[in-house]
Amino acid sequence: MKTLFNEKATRDGIIKGFREHLSQANSNDVVLFYYSGHGSQENNINKVFLRFEPDKKNETLYCYDSSEPGKWHLADKELAKLISEVAVKNPHICVILDCCHSGGGVKDPSLEVVERRAADDDRPRPLESYIFSAKELESLRSGSKKWELPQGRNILMAACEPHDTAKELTIGDEKQKRGIFTYSLLKALERPGKLTYRELWQETKNTVSIELKKISSSQCPQLEVTPPDHGNLLFLDGAIAERPSYFTVRHDNKLGWVIDGGGVHGVQPPAGEETTVLALFDFNCNVNDFKDPNKSIGQAKVTKVLPQLSQLEIISNSKNLSTGSIYKAITIAVPLPAQGVYIEGDATGVKLASQAIQSATMGNRPSAYIRKVENRDQAQLYLQCRNQEYSIQVKGDNRPLVAPIQGFTLDNAKLAIERLEHIARWLTIRELPSPPASRIQPNDIEMELLFEGENTSPIEKEIRREYKKPQNGTPQPPKCTIKLTNNSHKTLYCTILCFTDRFAIVAPFFEAGYVRLEPGQWAWAADGDYIKWSIDPELMQLGIRETKDVLKLIVSKSEFDARLSLQDALDQPRCLYRGLFKQSPLNRLMNRAQTRSPQVSSSETYDDWYTQQVILTSVLPT
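All values derive from a computational prediction rather than experimental measurement. (Residues numbered from 1 in each chain as written. Predicted model: local features only at pLDDT ≥ 70, side-chain atom pairs only at ≥ 80, totals over all residues. Heavy atoms only, no water.)

Caption draft 1: Local environment of the overall build of the protein. Secondary structure assignment for the protein yields 8 helices and 31 strands. Looking at the protein as a whole, 57% of its 622 residues qualify as buried. Of all intrachain contacts in the protein linking residues separated by at least 6 positions in sequence, the fraction that spans at least 24 positions is 76%. Of the roughly 26800 Å² that the protein leaves accessible, carbon and sulfur atoms contribute 47%. (Helix = DSSP H or I, 4+ residues; strand = E, 2+ residues; numbered from the N terminus. Buried < 20%, exposed > 50% of the residue type's maximum accessible area, 1.4 Å probe, protein only. Contact = heavy atoms within 4.5 Å. Areas by Shrake-Rupley, 256 points an atom, 1.4 Å probe, with all protein chains shown as cover.)

Spelled out as structure tokens, the structure:
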């Protein structure tokens, strides 16, 4: 452990700490970089960085000597480069930042609540003042190469959002002034047993919210993981814990009990007497508890669906819930109708599959996502039970995209039903419409797909592009950049989900899951890198010459976490990125936007989101 206090925490001291101390880490090591101090911004950044920064500012760590003549802050891009140098040998890297990411002014220790921020730096900063090599600087100047950093396993926990401030207040038994983020983080770590990063972040965020609401203030810690599924890594461990899909439940002073999933995540609103029903569990429950109804501490039903969360009514509770705690919840029922499945074929296979669909949910309840139908025309999904194997088809697509399951046994029937539920969730989120009451207009956010060699974005909603076949070379998949522009007068939150035809949902385009755009601002997906739309080699071996990806733009007036919607592909190695582009982890390390506790001021925001989608077909040349 190397610690830099006060006058030792200079810009050069921090850089040296990375390059001489942390860079010793190997693949079996865990690296921790923890920063407690001021966060700030640099306003006059060099024009070569503008394509990475919608707000045209660097987010920075304010070093001990940052205000001295000829000295500079440590910019987010420099911190990203330092971390990428540490990541060369692939250690597990955790970054914790207890500081502000934006704002002006200075800390006044006489105030009851103070903010960990420093005044913005308005000095024009020369390009040579950054820590990049001469070759990197030349690449930036020429614009001939996209900005890239090596990929590593990186987890970022930050005290607040980039446009918010980190608070200090007098708290704890010692009655000392402390950063509320670090105080809450340490309280969460007192919980027995190991926590994943996602669990630690949720617990920390809840404590921060509860403490600051006592003084009518707010702050929302952030979590960013690269790649997204590494939120299931155990804190400072590196091992991946088995964590099934679940929501978190907490109590909001204005809205009552809520879950962290809403309309943009595919949570369905009540339909007549039917609504989404959840089983509740203690936050520190384990994976197997989700299968045991005796471990559930109660049930709740969804009463209203907002864009980023949903309100609950506790309908049964054998153990009193504390408004100061958070809980986990799994879906055990959804409003009818679920996706229809037609099961056909050999009697033995049909009987086992029918039994499995009726006991697929905790407590031997019927599946919450699919239902058996007797008429083939009413089905969206088909389960074929023939020749001692289960195979799945989607209406209108007879291609062998999911490998058959061999053998008519109850376990295999349950596996087939799990795959059908996986596909049903994929269909539900893919088909998520814009609500009729939305005030977000279709042209408020412009999404441009700029294909290599083309000057304008296609206007059609179904785009077809062939692989390029160079002379005496390997065919290259089509590739494009994606640009989002806010043409409205509102602050909007945007994400792009990609639905692959292997039934995966991925969101690799923005490092924090989505991007916040002020009026007139724009942002490049993947920091402007080309995104390749390639056909999976496994499908090529099956003779498939074209595949479809559905790009779904989701726009909201409220913050939301798109990562709750992600799921893996069926029947292929676990990989969330599909090789779309070379990820640049922590490239804009401190410029993040992530879910904050909701502050709903009026009912008009309940249904205010907008979606549109583009279908992109990649075709191999004949």
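Caption draft 2: Spatial organisation of the pattern of salt bridges. Within this structure, the stated rule accounts for 20 salt bridges. A salt bridge links Arg11 to Glu78; the shortest N-O distance between them is 2.7 Å. Taken together, the positions of Arg11 in helix H1 (residues 11-21) and Glu78 in helix H2 (residues 76-86) put the pair 67 residues apart, joining distant regions of the chain. The two residues Arg11 and Glu78 agree in class, both being buried. (Salt bridge = Lys/Arg side-chain N within 4 Å of Asp/Glu carboxyl O.)

Caption draft 3: Seen up close, the layout of surface pockets. By volume, the second largest pocket is sized at about 1100 Å³. For the second largest pocket, the lining is made up of 36 residues, of which Leu4, Phe33, Tyr34, Tyr35 and Ser36 are closest to its centre. Residue assignment for the lining of the second largest pocket shows that the elements contributing at least two residues are H1, strand S1 (30-36) and helix H4 (180-189). Residue composition of the lining of the second largest pocket, grouped by class: 22 nonpolar, 9 polar and 5 charged. (1 Å grid on protein atoms, 1.4 Å probe; cavity = no way out; pocket = protein on both sides within 12 Å on 5 of 7 lines; lining within 4 Å. Points joined across faces, edges and corners; volume = space filled by probe spheres on them. Nonpolar A, V, L, I, M, F, W, Y, C, P; charged D, E, K, R; others polar.)

Caption draft 4: Here's a closer look at the pairing of strand S25 (residues 492-499). When you tally the buried positions in S25, you get 8 out of 8 residues, the bulk of the element. The two faces of S25 match: Leu492, Cys494, Ile496 and Cys498 on one face and Tyr493, Thr495, Leu497 and Phe499 on the other face are all buried. In terms of strand pairing, S25 meets strand S27 (residues 515-517) through 3 bridges, oriented antiparallel. Bridge pairing in S27 links Leu492 to Leu517. Across 7 bridges, S25 lies against strand S30 (residues 546-556) in antiparallel orientation. (Pairing = 2+ DSSP bridges.)

Caption draft 5: Local environment of the packing of aromatic side chains. Going through the model one piece at a time under the given rule, you end up with 10 aromatic pairs. Ring centres of Tyr246 and Phe290 lie 6.0 Å apart, and the angle between their planes is 35°; this geometry places the pair in the tilted category. Of the two residues, Tyr246 is situated in the loop between strand S10 (222-226) and strand S11 (247-252) and Phe290 in the loop between strand S13 (277-282) and strand S14 (298-305); the sequence distance between them amounts to 44 residues. Side by side, Tyr246 and Phe290 carry an identical accessibility label, which is buried. Residues Tyr390 and Phe408 carry aromatic rings whose centres are separated by 5.0 Å and whose planes lie at 55° to one another, so their mutual orientation is tilted. Of the two residues, Tyr390 sits in strand S20 (residues 389-394) while Phe408 sits in the loop between strand S21 (405-406) and helix H7 (410-430), which places them 18 residues apart along the sequence. Pair check on accessibility: Tyr390 and Phe408 agree, each one buried. These aromatic residues form a ring-pair network of at least three members: Tyr246, Phe281 and Phe290. (Phe/Tyr/Trp six-rings, centres within 6.5 Å; stacked < 30°, edge-to-face > 60°.)

Caption draft 6: A look at the sheet that holds strand S18 (residues 370-372). Spatially, S18-S17-S19-S20-S21 is the arrangement adopted by the 5 strands of the open sheet, whose pairing is mixed. Looking at the sheet topology across the chains shown, the edges are occupied by S18 and S21. By the bridge criterion, 5 bridges tie strand S17 (residues 339-345) to strand S19 (residues 381-386) in an arrangement that is parallel. Paired with Tyr342 across the strands is Tyr382, a residue of S19. Along the sheet, helix H6 (residues 347-357) contacts S17, S18, S19 and S20; its crossing angle with S17, the most-contacted strand, is approximately 155°. (Axes fitted to C-alpha atoms, helices over the stretch in contact; angles between N-to-C directions.)

Caption draft 7: Representation of H6 within the structure. Taken residue by residue, H6 has Gly349, Val350, Leu352, Ala353, Ser354, Ala356 and Ile357 as its buried positions. For H6, the elements touching its buried residues are S17, S18, S19, S20 and H7.

Caption draft 8: Quick look at the sheet that holds strand S3 (residues 58-61). If you walk across this open sheet you meet the 3 strands as S2-S3-S4, and the pairing is antiparallel. Looking along the sheet, the strands with just one partner apiece sit at the ends: strand S2 (39-42) and strand S4 (74-75). In the sheet, S3 pairs with S4 via 2 bridges, with the strands oriented antiparallel. Paired with Leu61 across the strands is Leu74, a residue of S4.

Caption draft 9: Structural context of the nonpolar core. Ranked by size, the top nonpolar core spans 43 residues in total, and within it Ile370, Leu381, Leu383, Tyr390, Leu420, Ile423 and Leu497 carry the most contacts. It is H7 that contributes the most residues to this core, 9 residues altogether. The next biggest cluster of nonpolar side chains, apart from the first, holds 30 residues, and it includes Phe451, Leu492, Val515 and Leu517. (Core = buried A, V, L, I, M, F, W, Y, C linked by side-chain atoms within 4.5 Å.)

Caption draft 10: Up close: the pairing of S3. Of the two faces of S3, the one holding Asn58 and Thr60 and the one holding Glu59 and Leu61 are both buried throughout. Of the pairings in the sheet, the one linking S2 to S3 comprises 4 bridges and is antiparallel in character. Bridged to Gln41 within S3 is Glu59.

Caption draft 11: Representation of H4. Taken across its 10 residues, H4 has 7 buried, putting it largely inside the fold. Those residues of H4 not exposed but buried are Ile180, Phe181, Thr182, Tyr183, Ser184, Leu185 and Ala188.

Caption draft 12: Quick peek at the packing of H6 against H7. Relative to each other, H6 and H7 sit at 60°, their axes nearing to 8 Å. With respect to H7, the element H6 is oriented oblique. Crossing of H6 against H7: the hand is right-handed. Residues Leu352, Ala353, Gln355, Ala356 and Ile357 of H6 touch H7, and the partners they reach there are Leu410, Ala413, Lys414 and Ile417. (Parallel < 35°, antiparallel > 145°, perpendicular 65-115°, else oblique. Left-handed = near helix turned anticlockwise from the far one by under 90°.)

Caption draft 13: Expanded view of unusual backbone geometry. Even without glycine at this site, Asn387 takes up a positive phi of about 55°. Judged by its relative accessible area of 68%, Asn387 is exposed. Residue Phe503 is not a glycine yet carries a positive backbone phi of 70°. Tracing the chain through its elements places Phe503 in the loop between S25 and strand S26 (505-506).

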